[in-house]
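Breakdown of the fold
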Amino acid sequence: MKQEIEIEFKNIVTKEEFDRLRSHFQLTEDQFVSQENHYFDTPAFSLKDCGAALRIRSKKDKSVLTLKQPHQEGLLETHEALTNEQAKELRDGSAKIPSTIQQLITDLQVDSHALTYFGTLCTSRAEIPYKNGLLVLDHSFYLGAEDYELEYEVTDANEGAKYFEQLLTELDIKKKPTENKIRRFYKRKYTLIDGE
């Protein structure tokens, strides 16, 4: 098990803004890596209701289960490495959440046995070291939708905010309120259900 505080800034961008970022940082196609985020919650969205999220991220030959919880400085992330077989068993409901993360979920007063796999979001991602942080360009696909996103992961929130604002201004990118991927995924999923 590994824990870390996640402090990040994010902004949904248009395809044209995404292409401008790619060109500015001279990113080639082979610098983008594919990954899948598999999302879990209870049918009543108990994790979401307490500001938490549970996902398995699979890329290349590795899978990691991550619980994100609110923290005064950002989000507390707890990671547990999984084999790809364990990840598959969690998705199909034939395995239990590892005990360390299961206990944290119980501490949130959420029934870990009620967790359900909701679906997968696929992302093509490039990562660039940038001014004491990590700049991330994501092109994501989920439930017949796609979007483009810029993220900036930092250890100092004040410094990060300044550098992120400067970059958006420099590249003439409009700042937009941006929900995290799991919220965008759930919003899309339930828009589709309500529309049926």
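Small disclaimer: the values here were computed from a predicted structure and weren't measured. (Residues numbered from 1 in each chain as written. Predicted model: local features only at pLDDT ≥ 70, side-chain atom pairs only at ≥ 80, totals over all residues. Heavy atoms only, no water.)

1. Looking at the pairing of strand β5 (residues 74-82)
The two faces of the sheet receive side chains in turn, since in a regular strand these alternate between them. Let me state the cut-off plainly: The criterion for strand pairing is that DSSP finds at least two bridges linking the strands in question. Each helix is a run of DSSP H or I of at least 4 residues and each strand a run of E of at least 2, with the numbering of both proceeding from the N terminus.
In terms of strand pairing, strand β1 (residues 2-13) meets β5 through 5 bridges, oriented antiparallel. Following the sheet pairing, Glu 4 is matched in β5 by Glu 77. As paired elements, strand β4 (residues 62-71) and β5 share 9 bridges and run antiparallel to each other. From the neighbouring strand, Val 64 faces β5, where its bridge partner is Ala 81. Turn length for the β4-β5 hairpin, with the two strands adjacent in sequence and antiparallel, is 2 residues.

2. Thoughts on the layout of surface pockets
Rolled over the atoms, a probe as big as a water molecule pinpoints where empty space is left. For the record, the criterion: A cavity, in this analysis, means grid points on a 1 Å lattice covering only the protein atoms where a 1.4 Å probe fits yet has no way out; a pocket is instead an open set bounded by protein on both sides within 12 Å along at least five of seven lines, and a residue lines either one if it has an atom within 4 Å of a point. Grid points are joined across faces, edges and corners, and a volume is the space filled by probe spheres set on the points. Residues are grouped as follows: nonpolar covers Ala, Val, Leu, Ile, Met, Phe, Trp, Tyr, Cys and Pro; charged covers Asp, Glu, Lys and Arg; every other residue, Gly included, is treated as polar.
When its volume is computed, the largest pocket comes out at roughly 790 Å³. Forming the walls of the largest pocket are 35 residues, and the residues nearest its centre are Glu 4, Arg 55, Arg 57, Glu 77 and His 79. Of the residues forming the lining of the largest pocket, the biggest block, 7 residues, is contributed by β1. Split by residue class, the lining of the largest pocket holds 9 nonpolar, 8 polar and 18 charged.

3. Re helix α1 (residues 15-24)
Residue pairs three or four apart in sequence face the same way in an α-helix, which turns once every 3.6 residues. For the record, the criterion: Between buried and exposed lies partly exposed: a residue is buried under 20% and exposed over 50% of the maximum accessible area for its type, with that area taken using a 1.4 Å probe on protein chains only. The directions considered for the arc are those from the helix axis to the C-beta atoms. Any two residues whose heavy atoms approach within 4.5 Å are treated as being in contact.
Within the span of α1, buried status applies to Glu 17, Phe 18 and Leu 21. Along the axis of α1, the buried positions cluster into a sector of 105°, meaning they face one direction only. In the core, the buried residues of α1 are packed alongside β1, β7 (133-142) and β8 (145-154). Once α1 ends, the next one or two residues include Gln 26, with phi positive near 50°.

4. Overview of the side chain of Thr 66
In this structure, Thr 66 sits in strand β4. Look past the residues within four positions of Thr 66 in its chain and what remains in contact with it is Ala 53, Leu 54, Arg 55, Glu 77, Thr 78 and His 79.

5. Considerations on the pattern of salt bridges
Quick reminder of the rule: The rule for a salt bridge is simple: a side-chain nitrogen of Lys or Arg has to be within 4 Å of a carboxyl oxygen of Asp or Glu.
Within this structure, the stated rule accounts for 20 salt bridges. Where Asp 147 meets Arg 184, a salt bridge forms, and the shortest distance between an N and an O atom there is 3.0 Å. Of this pair, Asp 147 sits in strand β8 while Arg 184 sits in helix α6 (residues 181-195), and the two are 37 residues apart along the sequence. Looking at Asp 147, the relative accessible area reads 9%, which means it is buried. We classify Arg 184 as buried; its relative accessible area is 9%.

6. Some words on the nonpolar core
To keep things clear, this is the line we draw: Remark: nonpolar core denotes a set of buried residues (Ala, Val, Leu, Ile, Met, Phe, Trp, Tyr, Cys) joined through side-chain atoms within 4.5 Å.
If you look at the biggest cluster of nonpolar residues, it comprises 22 residues, and the most contacted ones within it are Leu 21, Phe 25, Leu 135, Leu 137 and Leu 150. Sequence-distant contacts of Leu 21, that is, excluding residues within four places in its chain, are made with Val 13, Leu 137, Leu 150, Leu 171 and Ile 173. Grouped together as the second largest cluster of nonpolar side chains are 16 residues, Ile 56, Leu 65, Ala 87 and Val 110 included.

7. Details of the environment of Glu 127
For Glu 127, the position within the fold is in strand β6 (residues 116-130). Overall, the relative accessible area of 41% leaves Glu 127 in the partly exposed class. For the pair Glu 127 and Asp 92, spaced 35 residues apart in the sequence, the C-alpha separation amounts to 31 Å. Among all residues touching Glu 127, those that are not within four sequence positions of it are Leu 134, Leu 135 and Val 136.

Coordinates in, geometry out; function isn't part of it.
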